[in-house]
Amino acid sequence: MRFACAASRASVRQDRFGNDERLSASTKHSPLVLPVSSGCVPIAILDNLLLHKVLKSGMRHDAPIPFLSGGGRATELILSRDWSNHPLGQPEEWPEGLKVSLSLVLNSPESMILCWGPQLHFFFNETYIPLLGPRVEWAMGALFDEVWSDALEQAHPIIADAMSGKSQRFNDLYWKLATDRGMADTWWTFSYSRILGADGEVAGLFIFTNETTAKVLADKALRESTERQRQTLQQMPGFVSILSGPEHRFEYVNDAYVEISGARDFLGRTVREVFPELHNQGFYELLDKVYATGESYSAQAMPIHLDNRAADQADRYIDLRYEPVRDPGGAVSGIFVGGYDVTEQVRAQRALAEANQNLAQRVNTTVRELMATEDALRQAQKMEAVGQLTGGLAHDFNNLLAAITGSLELMQRQIAQGRTTEIGRYVTVAQGAARRAAALTHRLLAFSRRQTLDPKAVDVNQLVAGMEELIRRTVGPAVHMETVAAADLWATLVDASQLESALLNLCINARDAMPHGGRITVETENVWMDDRAARAQGLGAGHYVTLSVTDTGAGMTPEVQAKAFDPFFTTKPMGQGTGLGLSMIYGFAQQSGGQVRIRSEVGVGTTMCIYLPRHTGAKDDGPSSEKQPVPLGPQNGTVLVVDDESAVRMLMGEVLQQQGYTVLEASDGSTGLRTLLSDAAIDLLVTDVGLPGGMNGRQLADAARTARPQLKVLFVTGYAENALVGNGHLEPGMAVMTKPFSIDDFSMRVREMI
């Protein structure tokens with residue numbers, strides 16, 4: 001709407017939405033009507049009700065202008081603005097309808113906006129302030145089109161509908177907005193509703209709004225995590241299904257499961273409903289037993305009859321494993337089903353037995369007998385791995401379900417009880433579980449025997465020297481072997497026997513890649529990698545010891561390199577390799593905090609390089625991945641916590657109180673300074689750097705030290721700029737922590753300073 005507010009005369013103008021709108025004197029001075037579900041209520045009546053509620057609740061009128069009372073920071077922004085040239089005039093002269101509506105907004109605990117007059121002058125309450133980002137200092141009283149200039153294309157149609165009486169609510173609506181983080185993708189839940197004057201004309205808009213960006217992103221991450229898990233199960237080599245409840249209801253089946261079972265209506269139906277032909281075949285009873293006892297079950301070459309297959313395909317044989325899945329309380333909630341169709345192997349074995357009755361047939365089927373035997377061996381090895389993989393998968397699912405469902409249940413309980421202060425913590429736990437789920441694919445593809453390692457400080461040069469003679473005898477005289485040992489090689493914390501096994505395995509692979517002889521080079525080296533180089537190798541930045549084996553063999557194509565670490569993948573002839581060696585080396589290297597990488601060129605050769613972290617401690621000490629616990633026991637002293645963010649202030653205060661400290665709190669610099677200038681005994685000042693009210697944390701600390709020269713100060717800040725604490729210069733007795741920080745780190749720092 002592009003017309004001025006007229007206090008004494010009526011005018012008809014066309015607003016920005018193409019509608020004729022009458023702005024009368026009543027807009028500025030007469031009562032207005034607010035929309036309610038059953039009609040409209042005169043604002044004079046609403047004013048009396050509001051006044052009665054204010055008097056009854058004992059609300060303080062701490063603002064110079066009574067109707068602005070209770071608005072906190074929003075009231076301060078109104079009073080600090082120069083209204084002399086504003087179309088609405090001075091606050092004392094504002095229309096009664098605006099005063100009452102604004103008082104309602106200012107005193108609401110919900111995040112609210114009031115847009116007044118045909119030009120939609122923008123007002124907001126204290127709860128709304130965090131949503132304004134960089135606009136907060138100038139937005140009060142400005143035009144809506146100026147405040148949200150970057151969102152007008154979306155906002156105008158919504159405003160037009162609201163003005164015409166079509167009030168709407170929007171959930172998780174996307175907006176691209178300028179925030180205190182710069183231009184950002186954001187999501188909002190809000191509603192627009194118009195305010196009518198006594199004459200029925202539109203006087204303004206009420207807007208209830210909350211930003212839901214964090215919730216939307218968390219939901220998206222959970223969906224992506226679930227999809228990654230589904231894809232992981234889909235890519236498993238055998239058949240997989242997940243059953244829930246004592247009735248064994250299907251929640252998931254992969255393509256391999258459908259292939260052996262035939263097309264059926266699986267999801268949401270029980271095993272008995274999907275497979276009625278399994279009656280009297282023992283499968284129902286096995287599932288019931290696994291669910292009742294919580295004990296896993298496995299079988300090889302188990303016969304099964306399926307009705308919906310061709311007559312010659314109805315009788316099948318499967319290697320099968322049932323693994324119980326438990327809920328967060330430890331009770332069995334479902335069953336993970338995995339296995340392989342081994343029908344062809346069983347039929348081949350039976351055909352071989354029948355062939356033994358006739359010598360001529362046995363000669364003709366010699367090759368098939370060998371293949372069947374080798375396939376059976378390979379299948380036995382696969383089934384052993386399936387047991388480990390399914391066990392690990394069920395364990396990982398249980399952990400993820402415990403973290404995610406447990407957090408959601410606690411959030412639901414807190415909300416039902418009206419307690420919302422700890423919901424953020426449970427959200428963080430659920431998000432952490434979702435992030436850990438992203439690593440599930442890598443753990444499934446990286447086969448590991450999950451052996452218990454015995455890491456010790458090892459000199460890899462000495463280990464190679466001790467293995468050299470054994471390696472030479474193993475690779476044979478046709479292969480020339482040489483070692484290149486780095487001078488002053490660092491120690492590494494590793495299981496020496498597993499490293500010896502990995503080295504021997506790599507040398508045997510190198511020998512097999514050179515059937516006509518060649519050269520093997522075993523080399524050690526100290527390596528330092530920065531963030532960029534480390535990320536390229538899948539490691540963290542730091543110091544590493546490398547052990548590499550290089551051959552002059554045929555090399556690997558990129559396709560072979562991509563599958564080299566997959567379980568059961570091998571390029572060797574049948575019977576000469578299981579395809580598990582490199583998978584085990586990969587798992588061992590990762591268990592040891594390192595990595596293994598391939599560099600290969602077809603026709604030139606291959607280098608297999610194991611990266612192991614440098615060990616700098618005593619030889620008998622192993623690295624610890626756990627944080628040192630914060631010492632327990634009561635502490636003495638008084639700490640003043642100054643932070644304008646109430647949640648952060650409350651959190652720090654509770655942590656310190658739990659440690660035994662006496663805690664004083666202030667929400668701004670001026671309040672904190674008054675406490676510091678009092679006679680209260682204060683041992684430590686913990687203050688945010690960016691504080692409201694014209695005094696930042698550094699200024700507060702400097703002012704406090706004029707009265708308390710020995711006062712110790714801990715700055716906590718969400719900013720990275722050193723200028724906030726004096727260009728990086730801190731006086732003795734001062735320290736800085738950057739948000740976010742862990743509770744343990746905060747507690748330890750406070751203890752160190754007091």
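Located above this text is the structure these notes cover.
Residues numbered from 1 in each chain as written. Predicted model: local features only at pLDDT ≥ 70, side-chain atom pairs only at ≥ 80, totals over all residues. Heavy atoms only, no water.

Overview of the overall build of the protein
Item 1. Along the protein, the regular secondary structure elements total 24 helices and 26 strands.
Item 2. Within the protein, buried positions represent 44% of all 754 residues.
Item 3. Counting every atom, the protein has about 38600 Å² of accessible surface; 52% of that belongs to carbon and sulfur. (Helix = DSSP H or I, 4+ residues; strand = E, 2+ residues; numbered from the N terminus. Buried < 20%, exposed > 50% of the residue type's maximum accessible area, 1.4 Å probe, protein only. Areas by Shrake-Rupley, 256 points an atom, 1.4 Å probe, with all protein chains shown as cover.)

Side note on the nonpolar core
Item 1. Counting residues in hydrophobic clusters, the biggest one holds 52 residues, and the most contacted among them are Phe122, Phe123 and Phe144.
Item 2. Every residue in contact with Phe144, bar those within four places of it in the chain, is listed here: Cys115, Gln119, Leu120, Phe122, Leu152, Ala155, Ile159, Tyr192 and Ile207.
Item 3. Judged by nonpolar contacts, the second largest core, of 37 residues, contains Val464, Val475, Leu499 and Leu506. (Core = buried A, V, L, I, M, F, W, Y, C linked by side-chain atoms within 4.5 Å. Contact = heavy atoms within 4.5 Å.)

Thoughts on helix α4 (residues 96-106)
An α-helix turns once every 3.6 residues. As a result, residues three or four positions apart point the same way.
Item 1. Where burial is concerned, most of α4 is hidden: nine out of the eleven residues are buried.
Item 2. Among the residues of α4, Gly97, Leu98, Lys99, Val100, Ser101, Leu102, Ser103, Val105 and Leu106 are the ones counted as buried.

Section: helix α24 (residues 743-753)
Item 1. Among all positions of α24, only Phe746, Ser747, Val750 and Met753 are buried. Buried residues in α24, looked at end-on, bunch into an arc of 135 degrees, giving them a common side.
Item 2. Taken together, the buried residues of α24 touch α21 (646-658), β24 (684-688), β25 (712-717) and β26 (734-738). (Arc of directions from axis to C-beta.)

Here's the deal with the pattern of salt bridges
It is possible for side chains bearing opposite charge to pair when their charged atoms get close.
Item 1. Taken as a whole, this structure holds 21 salt bridges when the rule is applied.
Item 2. Across the pair Glu665 and Arg649 runs a salt bridge whose closest N-O atoms are separated by 3.4 Å. Taken together, the positions of Glu665 in strand β23 (residues 662-666) and Arg649 in helix α21 put the pair 16 residues apart, joining distant regions of the chain.
Item 3. Residue Glu665 is classed as partly exposed on the basis of its relative accessible area of 41%.
Item 4. Note that Glu752 is salt-bridged to Arg749, the shortest N-O span being 3.8 Å. Of this pair, Glu752 and Arg749 are both found in helix α24, three residues apart, which corresponds to roughly one turn of the helix.
Item 5. For Arg749, a relative accessible area of 27% corresponds to the partly exposed category. (Salt bridge = Lys/Arg side-chain N within 4 Å of Asp/Glu carboxyl O.)

Details of the packing of helix α22 (residues 669-676) against helix α23 (residues 697-707)
Item 1. Viewed as axis vectors pointing N to C, α22 and α23 meet at an angle of 15 degrees, and their least axial separation amounts to 10 Å. Between α22 and α23, the interaxial angle falls into the category roughly parallel. Seen along the crossing, α22 lies across α23 with a hand that is right-handed. In this structure, α22 uses Gly669, Gly672, Leu673 and Leu676 to contact α23, whose residues at the interface are Leu700, Ala703 and Ala704. (Axes fitted to C-alpha atoms, helices over the stretch in contact; angles between N-to-C directions. Parallel < 35°, antiparallel > 145°, perpendicular 65-115°, else oblique. Left-handed = near helix turned anticlockwise from the far one by under 90°.)

Taken by themselves, the reported measurements are silent on function.
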